[in-house]
Amino acid sequence: MHCERKITDDLYYIGASDRRIERFENAYPVPEGVSYNSYVLLDDDVTVFDIADRSVIGQYFQNLEAVLDGRTVSYLVIDHVEPDHCATLADFMVRYPETRIVTNVKALNFIKQFFELDIDDRVLIVKEGDELQTGKHTLSFTMTPMVHWPEVMMTYERTEKILFSADAFGHFGALSGQIFADEINFDSMWDEARRYYSNIVGKYGVQVQMALKKLSGLEIDYVCPLHGLVWRKGFEKYLEKYQQWSLYKPEENGVLIVYGSIYGNTQNAAEVLAKHIVEAGQNNVKVVDVSKTDGSYIISDMFRFSHIVLASATHDAMVFAPMGNLIHLMEHHGVQNRKFAVIENGTWAPMAGKLMEERLLALKGMEKIGEKVKVRSSLKKDGDEQLKDLAMQIVGSF
Ligand SMILES: Cc1cc2nc3c(=O)[nH]c(=O)nc-3n(C[C@H](O)[C@H](O)[C@H](O)COP(=O)(O)O)c2cc1C
Ligand SMILES: [Fe+2]
Ligand SMILES: [Fe+2]
């Protein structure tokens, strides 16, 4: 059965959710699934905005056929070629042989890399500022490279002030009947929105800033992203979050303590530091086990908190591997502008602290607080004193 929803008199949501998927992009756990959004605008010419992932394509085409009600599709706007939206392009082109693809040159190159499709005479190439009239609606196109791939563009519909924002302003999580952000309590969704942002486009803060500048001149009544809920109210809050995240400004004053521990002694040091920080007056502290918590959640918390402490056992003269992987993710996702401290542990030649410090200092705008605390096998009285001192310095640095 088709399962579309109306957004405005002419615009319909025709996306669908995958609840079976384990990891989005085979990397990020999505326990609540994910939605792949697509939209149809009815007018003299019918326009479809992006397609959907293979996993939901059956539902997708049912939704599209229901809205078309026998009509055909004149234009398929492709804002983003990544396969979670575009892998089904060949199926689409066979089903709708009269459809013309509307996209930019870079996107067309990517399409040709992914597919062996003979589509040159079915493509309308657009560039920055170009407009396309579909009847009473006018579409204009703006390039927003690296949010999230180089070919990404956003499409703005002038008559009803609708922004098709590609991956921007999306979030993880399947949809449950609601398609508008104001149909749920979105406060419960910010963690997943931040986890999506930080892991998908976190590294591209500069490019997100450029995109936000381009959008700042537009009046926007609806935002239609490629994942998650549609915005028609309260979108300013999402813009504010994007400003903060893309400028790498922490959302909260607080300390994230991540530990990597084999036998529990490094964990003990992390817990003791947390206690000292709270006793020194900062209650916003979160302790996380790097071996147990997927890195995407920790990266998201790093975009949230102002201070990061990494505590790791030494493992074969290296940082304990799960912690090494986390630092790799910090490099990968562009974590920056944070205050940090490190704790190391080792029985014969502790090395983890020096190695972690080197890598953290190589990230942009990182400021070291205090001296690294060295634990030899297990925390003793002098180590406790050092952690107390470190806690005072951390709390003093807010
Ligand atoms: C496989 C393995 C390799 C280790 N390599 C080192 C090392 O290179 N240098 C060192 O000082 N300690 C090394 N250790 C010892 C641990 O770092 C040390 O016992 C530490 O106290 C463990 O902390 P934990 O209780 O938090 O796991 C190693 C331990 C294991 C299990
Ligand atoms: Fe994408
Ligand atoms: Fe996507």
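Residues numbered from 1 in each chain as written. Chains lettered and ligands numbered in written order. Predicted model: local features only at pLDDT ≥ 70, side-chain atom pairs only at ≥ 80, totals over all residues. Heavy atoms only, no water.

### Notes on the pattern of salt bridges
Close approach of charged atoms allows side chains of opposite charge to pair. The full count for this structure, using the stated rule, is 24 salt bridges. Close ionic contact of glutamate 131 with arginine 158 constitutes a salt bridge, the shortest N to O distance being 2.8 Å. Note that glutamate 131 is positioned in strand β12 (residues 131-133) and arginine 158 in the loop between β14 (153-157) and β15 (162-164), a separation of 27 residues in sequence. Here glutamate 131 falls in the partly exposed class, since its relative accessible area comes to 47%. A salt bridge links lysine 237 to aspartate 187; its shortest N-O distance comes to 3.9 Å. Of this pair, lysine 237 sits in helix α7 (residues 235-246) while aspartate 187 sits in the loop between β15 and α5 (190-200), and the two are 50 residues apart along the sequence. With relative accessibility at 37%, the residue lysine 237 sits in the partly exposed group. Salt bridges sharing common partners tie together Asp191, Arg194, Lys241 and Glu251. (Salt bridge = Lys/Arg side-chain N within 4 Å of Asp/Glu carboxyl O. Helix = DSSP H or I, 4+ residues; strand = E, 2+ residues; numbered from the N terminus. Buried < 20%, exposed > 50% of the residue type's maximum accessible area, 1.4 Å probe, protein only.)

### Quick word on the sheet that holds β15
The sheet built from five strands is open, its strands ordered β12-β13-β14-β15-β16 with mixed pairing. With partners counted over all chains shown, the strands left at the sheet margins are β12 and β16 (222-224), one partner each. Taken over all neighbouring pairs, the strand axes of this sheet differ in orientation by 20° on average, direction set aside. Here β12 runs beside strand β13 (residues 138-143); their pairing, made up of three bridges, is antiparallel. Along β13, the bridge assignment pairs glutamate 131 with serine 140. (Pairing = 2+ DSSP bridges. Axes fitted to C-alpha atoms, helices over the stretch in contact; angles between N-to-C directions.)

### As for the domain arrangement of the chain
Under the domain assignment used here, the chain contains domain 1 (5-246) and domain 2 (255-393). Taken residue by residue, the interface counts 15 residues in domain 1 and eleven residues in domain 2. In this assembly, domain 1 packs against domain 2 so that about 1,100 Å² is buried in total across both faces, 52% of it on carbon and sulfur atoms. One can count one salt bridge joining domain 1 with domain 2. Two residues, aspartate 294 and arginine 23, come together in a salt bridge whose shortest N-O distance is 3.3 Å. Between the two partners, domain 1 and domain 2, sit eight residue pairs in polar contact (both at pLDDT 80 or more). For the side of domain 1 that touches domain 2, the secondary structure elements donating two or more residues are β5 (28-29) and α5. Examining the composition of the side of domain 1 that touches domain 2, we find that seven residues originate from one element, α5, more than from any other. (Domains from an automatic or database assignment. Contact = heavy atoms within 4.5 Å. Buried area = accessible area lost by both parts, 1.4 Å probe. Polar contact = N/O pair within 3.5 Å; in protein donor to acceptor, adjacent residues only side chain to side chain.)

### As for the coordination of the iron ion (ligand 3)
For a metal with four donors in a tetrahedral arrangement, the ideal angle between donors is 109.5 degrees, while six donors in an octahedron ideally sit at 90 or 180 degrees. In the first shell of the iron ion (ligand 3), the protein supplies Asp84 (OD), His85 (NE2), Asp167 (OD) and His227 (NE2), at 2.1 to 2.3 Å from the metal. For the iron ion (ligand 3), the four donor atoms in the first shell make angles of 86 to 174° at the metal, so the coordination geometry reads as irregular. All donors of the iron ion (ligand 3) belong to a single chain; written as a sequence motif, their spacing is D-H-x81-D-x59-H. If you look at the iron ion (ligand 3) and the iron ion (ligand 2), they sit 3.4 Å from each other and are both ligated by aspartate 167. One end of the pair, histidine 85, is in helix α2 (residues 83-86); the other, histidine 227, is in the loop between β16 and α7, and 142 residues separate them in sequence. For histidine 85, a relative accessible area of 1% puts it in the buried group. (Donors = N, O, S within 2.8 Å, 3.2 Å for Na, K, Ca; no water. Tetrahedral: all angles 85-135°; square planar, octahedral: opposite > 155°, others 65-115°.)

### A few points about the state of the cysteines
For the coordinates displayed, the defined rule picks out zero disulfides. As a non-bridged cysteine, cysteine 3 has cysteine 224 as the owner of its nearest cysteine sulfur, 17 Å distant. Looking at cysteine 3, the relative accessible area reads 51%, which means it is exposed. Not engaged in a disulfide, the cysteine cysteine 86 finds its nearest cysteine sulfur in cysteine 224; these two sulfurs lie 18 Å apart. On the basis of relative accessible area, cysteine 86 is assigned to the buried category, the value being 1%. (Disulfide = S-S within 2.5 Å.)

### Overview of the site of ligand 1
Lining the immediate environment of ligand 1, one finds 18 residues, of which Ser261, Ile262, Tyr263, Thr266 and Ala317 sit closest. Between ligand 1 and threonine 314 there is a distance of 2.6 Å, counted from an oxygen atom to a backbone nitrogen or oxygen. Measuring from an oxygen atom of ligand 1, one finds a backbone N or O atom of tryptophan 348 at 3.1 Å. Summarising the interface, the protein chains cover 87% of the accessible area of ligand 1, which totals 650 Å² for the free molecule. (Near = heavy atom within 4 Å. Areas by Shrake-Rupley, 256 points an atom, 1.4 Å probe, with all protein chains shown as cover.)

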